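Listed here are the chains, written in short residue letters.
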Amino acid sequence: MIRKRIATLAGFGLLVLAVLGPSVGRAQDAEPSPRMKLGLGLEYFSRTLAWDDNTRSSVLTAAAGSLRLEYEIQKGFTLAAFLGYGFSNFNGLIFRGLPFSLDYEAGAAGGFLGGIEAEKSLFRTGDFEIGIQAQYVLSLGGTKSLAITELNQGGKAQGKATWMQVQAGPMVRYLGYQDLTPYLSISYNRLWGTYTMNETVLELTGAEEKKIAGAGNIGAAFGILYEPLPNFSLKGEVAAIPYKKIGASGLGVDFGGSIKAILSF
Amino acid sequence: MSNFCSRPRVTGFAVAAAVVLLSLAAHYPAGRIGSASFVPAPLAESPAPGQVPGQVLVKFKPTASSLMRAMALAALETRAIARLPHLDVYVVRIGDATTVEEALEAFRRNPDVEYAEPNVLCRIAVTPNDTLFKYQYALSNTGQVIGQVPGSPQGKPSADIKAPQAWEETKGLATVIIAVVDTGVDLNHFDLKNKVISTGRDFVNSDLIASDDHGHGTMVAGIAAAETDNDEGVAGVAWNARILPVKVLDASGNGPTDTVAQGIVWAADNGANVINLSLGADSPSQTLRDAVKYAYEKGVFIAAAAGNTNTAVSYPAAYHPYCFTVAATDYNDQRASWSNFGSDVDVAAPGERILAPYPMALTPPGFIPYAYGQGTSMATPHVAGLAALIKGLKPALKVADIQAILRYSSDDVNASVYPGKDEFVGYGRINMEKALVPIKIVK
């Protein structure tokens, strides 16, 4: 566990060093790049979660829309922040630490979501540009109240999820096309969080905080940046994260995707 | 009667009179259970839960056209092998290169799909292979005939405590101990010998061997926690819980209050998590009250019989909140006519025609050591067993929490006449499934 944390810290350390170092501007960006960009992003992903000490699993599906503000600090080095609203579906989580065990099957709950991103180009070789990217996402789910109706007394359950995602890694862009920039990235991708469930049936009360974590930690993404106009771009991306199945042999793969529309000024 | 605790009175007669020792062909020696000629072949345990390999169930949204449906199926190299009428659900066979999980994930991402799920194999719930389980309607009532003698009664399906469904969730822990404070326990009975944690304590004869010279305690112990899935005899409510025998009643089924009080305190001091008190007296006793209070405050759950005289709840069952009071129902989920009543009644459990182990030494030749009993004495160990299962599954819960779980998970079986909590069955007949199995919460 300690070794894993050291490796994670080392990875982030390298990332910080790379970010602080000089960046390489893209060849086709002869004119000064706009420094501020405003955009809209839509994202969806499905992620296998492990919980109860990695003995159980369920799938988190999440969809979010966000407003993005990007700032280009220097050529090839962009910082971005985003804030939005999303829906997270934790169906399949089972809370056995409550007086009456609960099996959550109540679908998605809404909540605010925000985060920061950094993207930096490092060097170029031929039509390829090597860079790094990192992202941190925080989702603060709203409280979802649900009725417990199977007992001879009415009860209430209240669930609230908070999850975070960190991803960082190298990326390769192909700059050989005029308006299209395909890219490929490999990243360390960690998702973790808690789901807190409170239960009340008359005088009987209980609370359980369940720690959840994404089953896989290394992912790959393929995306395309399309710039049809000087001040407008579209970015689409699909990502895959393999994971070792829990309670079964073999590997599974989680998928996600996003699309962003960016207006520069 | 006020100075003595006894098995609730009617129970005494009922067990003596209504107990029907199971007859066995003469060539089967007493003390040994019969062969398959006596009872049907044991039921095998259900296979592990699973799915139909290579199949998923898919329901498209009503707005999805036939073309979109066909495209969705073709895209995954799947094909519909059946469509369930009325439900509009497709049974889809997936290609060899795709796992069920992958197919499900792909279908679920399709906006035209309302839902996709594995084609899960349905099966009967956990069924123990104990040969007499089929007569234990209290645990699983299928409407079976309860007994081998012609004219034996037949129960109403589902008038039971839903034990097999609950055993899917837990079968209990061997670290949870149920003290049977009673007439002792047959320590050599083949359905109990591996379940008793020690030879216990005999407060009647002042020794450390709490053997049973009456039969009542052995029946109670077996109902709560007989060895289960052992190819013979009966199933206990708490498969894996252990039994601590404490003898406080003599061969006639009676015992003075001070002896019973000693037994309760000793059980609480010797590791009991649950105490079963299938005994009672008509008059109150401060000593008995102090004893159950002592155990309660040590974190011991006490299940106590309401009594069998169709009058007010007996003592110590009436000592709330220390005791959890159990009334009796029958194989039709009707309140037993002799079951005591009052505001102290918390719940009910089956107490009519309950099959349980009987001391081998007291079993006449030609019979197997099992008997049918009735009374709140027989109802109470069902509750004690369930309390032990809850304790094993959720060890942090306090006694009051376990009591609340038992109350609120009960089925209000007389709701048509007395909706809500009433004096006859309290909150209702206990339901192990609701108490233990995760409750699905949906929108």
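How each quantity is defined
Residues numbered from 1 in each chain as written. Chains lettered and ligands numbered in written order. Predicted model: local features only at pLDDT ≥ 70, side-chain atom pairs only at ≥ 80, totals over all residues. Domains from an automatic or database assignment. Pairing = 2+ DSSP bridges. Helix = DSSP H or I, 4+ residues; strand = E, 2+ residues; numbered from the N terminus. Expected span 1.5 Å × (residues − 1). Buried ≥ 20, exposed ≤ 12 C-beta atoms within 10 Å, placed from the backbone. Axes fitted to C-alpha atoms, helices over the stretch in contact; angles between N-to-C directions. Parallel < 35°, antiparallel > 145°, perpendicular 65-115°, else oblique. Contact = placed C-beta atoms within 7 Å. Nonpolar A, V, L, I, M, F, W, Y, C, P; charged D, E, K, R; others polar. Left-handed = near helix turned anticlockwise from the far one by under 90°. Core = buried A, V, L, I, M, F, W, Y, C linked by C-beta atoms within 7 Å. pLDDT = per-residue confidence, 0-100.

Colleague: Would you take a moment to explain the domain arrangement of chain B for this structure?
Modeller: Note: interface size is frequently given as the accessible area lost on complex formation between the parts. Domain boundaries in chain B define domain 1 (4–43 + 126–436) and domain 2 (51–120). Between domain 1 of chain B and domain 2 of chain B, the C-alpha centre-to-centre distance is 49 Å.

Colleague: Please clarify how the sheet that holds strand E5 (residues 102–104) of chain A should be interpreted in this entry.
Modeller: Sheets are built from strands paired through backbone hydrogen bonds, the pairs being either parallel or antiparallel. Overall, mixed pairing links the three strands, which are arranged E4(A)-E5(A)-E16(B) in an open sheet. Two strands close off the open sheet at either side, each with one partner strand: strand E4 (94–95) of chain A together with strand E16 (439–441) of chain B.

Colleague: How should helix H6 (residues 257–269) of chain B be read in this particular structure?
Modeller: All names here are of chain B. Between its first and last C-alpha, H6 extends 18 Å over 13 residues, near the 18 Å set by a 1.5 Å rise per residue. For H6, the set of buried residues is Thr257, Thr259, Val260, Ala261, Gly263, Ile264, Trp266, Ala267 and Ala268. Just downstream of H6, Gly271 is the residue with a positive phi angle, here 95°.

Colleague: Any chance you could explain the packing of H6(B) against helix H7 (residues 286–297) of chain B here in plain terms?
Modeller: Packed helices, taken two at a time, are described by the angle their axes make and the gap between the axes. Residue and element names in this part refer to chain B. Two elements in contact, H6 and H7, have axes separated by 9 Å at closest approach and are oriented at 5°. The angle between H6 and H7 falls in the class roughly parallel. Where H6 approaches H7, its residues Thr257, Asp258, Val260, Ala261, Ile264, Val265 and Ala268 are matched on the opposing element by Thr287, Leu288, Ala291, Val292, Tyr294 and Ala295. Tallied by class, residues from the contact of H6 with H7 come to ten nonpolar, two polar and one charged.

Colleague: In this structure, what is going on with the packing of helix H5 (residues 216–225) of chain B against helix H8 (residues 376–393) of chain B? I would like to understand it.
Modeller: All names here are of chain B. For the pair H5 and H8, interaxial distance at closest approach is 7 Å and the crossing angle is 35°. For the crossing formed where H5 meets H8, the hand is right-handed. Along its contact with H5, which presents His216, Met219, Val220, Ile223, Ala224 and Ala225, the element H8 presents Ser377, Met378, Pro381, His382, Ala384 and Gly385.

Colleague: Got a minute to help me understand the nonpolar core in this structure?
Modeller: A general feature of soluble globular proteins is that nonpolar side chains tend to end up buried together. Residues and elements named next belong to chain B. Grouped together as the largest cluster of nonpolar side chains are 155 residues, with contacts concentrated most on Ile178, Ile275, Ile302, Ala303, Val326, Val383 and Ala387. Sorting elements by how many residues they give to this core places H8 first, with nine residues. Val58, Phe60, Tyr90 and Ile94 belong to the second largest nonpolar core, which has 13 residues in total.

Colleague: Even after reading the chapter, I still don't get the sheet that holds strand E2 (residues 51–60) of chain B, so can you show me in this structure?
Modeller: Residue and element names in this part refer to chain B. Spatial strand order, E3-E4-E2-E5: four strands in an open sheet with antiparallel pairing. Two strands in the sheet have a free side with no partner beyond their single neighbour: strand E3 (79–84) and strand E5 (113–120). On average, adjacent strands in this sheet sit at an angle of 30° to one another, irrespective of strand direction. Sheet topology places E2 next to strand E4 (residues 89–93); five bridges connect them, and they run antiparallel. When the bridges of E4 are listed, Lys59 appears paired with Val89. Sheet strands touched by helix H3 (residues 100–109): E2 and E5. Its angle to E5, the strand with the most contacts, is close to 165°.

Colleague: Please explain the confidence of the model for chain B as it appears in this structure.
Modeller: Any segment with low pLDDT has predicted coordinates that should not be analysed in fine detail. Residue and element names in this part refer to chain B. Across chain B, the average pLDDT comes to 87, with 88% of residues at 70 or higher. Note on residues 9–49: pLDDT is under 50 here. Beyond four places in sequence and across chains, it has 80 contacts. What the predictor reports for the complex is a pTM of 0.81 with an ipTM of 0.83.

Colleague: Where do I start with the environment of Gly169(A) in this structure?
Modeller: All names here are of chain A. When you line up the elements, Gly169 lands in strand E9 (residues 155–174). Separated by 63 residues in the primary sequence, Gly169 and Ala106 place their C-alpha atoms 35 Å from one another. Aside from chain neighbours lying at most four places away, what touches Gly169 is Ile132, Gln133, Ser185, Ile186, Ser187 and Tyr188.

Colleague: I would appreciate a short explanation of the interface of chain A and chain B in the present structure.
Modeller: Taken together, the 23 residues of chain A in the interface contact 19 residues of chain B. Only E5 and strand E8 (144–148) of chain A provide two or more residues apiece to the side of chain A that touches chain B. No other element matches the three residues that E5(A) contributes to the side of chain A that touches chain B. Classifying every residue of the side of chain A that touches chain B by side-chain character gives twelve nonpolar, six polar and five charged. The sheet contact formed by E5(A) and E16(B) spans three bridges and is parallel.

Colleague: Would you mind showing me how to read the pairing of strand E14 (residues 251–264) of chain A here?
Modeller: The side chains of a regular strand alternate, first on one face of the sheet and then on the other. Residue and element names in this part refer to chain A. Relative to E14, strand E1 (residues 36–51) runs antiparallel, the two sharing nine bridges. When the sheet's bridge partners are listed, Gly39 is paired in E14 with Ile262. Relative to E14, strand E13 (residues 232–244) runs antiparallel, the two being bridged by 13 bridges. When the sheet's bridge partners are listed, Lys235 is paired in E14 with Lys260.

Colleague: Is there a simple way to explain unusual backbone geometry in this structure?
Modeller: Phi is mostly negative for residues that are not glycine, and the peptide bonds are mostly trans. All names here are of chain B. Of the consecutive residues Tyr315 and Pro316, the connecting peptide bond is found in the cis state with omega at 15°. Here Pro316 lies in the loop between strand E11 (301–305) and strand E12 (323–329). Here His320 and Pro321 are connected by a cis peptide whose omega angle stands at 0°. Here the phi dihedral of Ser206 falls at roughly 55°; this positive angle occurs in a residue that is not glycine. Along the polypeptide, Ser206 turns up in the loop between strand E7 (201–202) and H5. The class for Ser206 is exposed, based on 8 C-beta atoms found within 10 Å.

Colleague: Can you walk me through the pairing of strand E10 (residues 274–277) of chain B in this structure?
Modeller: Residue and element names in this part refer to chain B. Of the two faces of E10, the one holding Val274 and Asn276 and the one holding Ile275 and Leu277 are both buried throughout. Direction of pairing for strand E6 (residues 177–182) relative to E10: parallel, over a ladder of three bridges. For Ala179, the partnering residue across the bridge sits in E10 and is Ile275. As paired elements, E10 and E11 share four bridges and run parallel to each other. Each bridged residue has a counterpart across the sheet, and for Leu277 the counterpart in E11 is Ala304.

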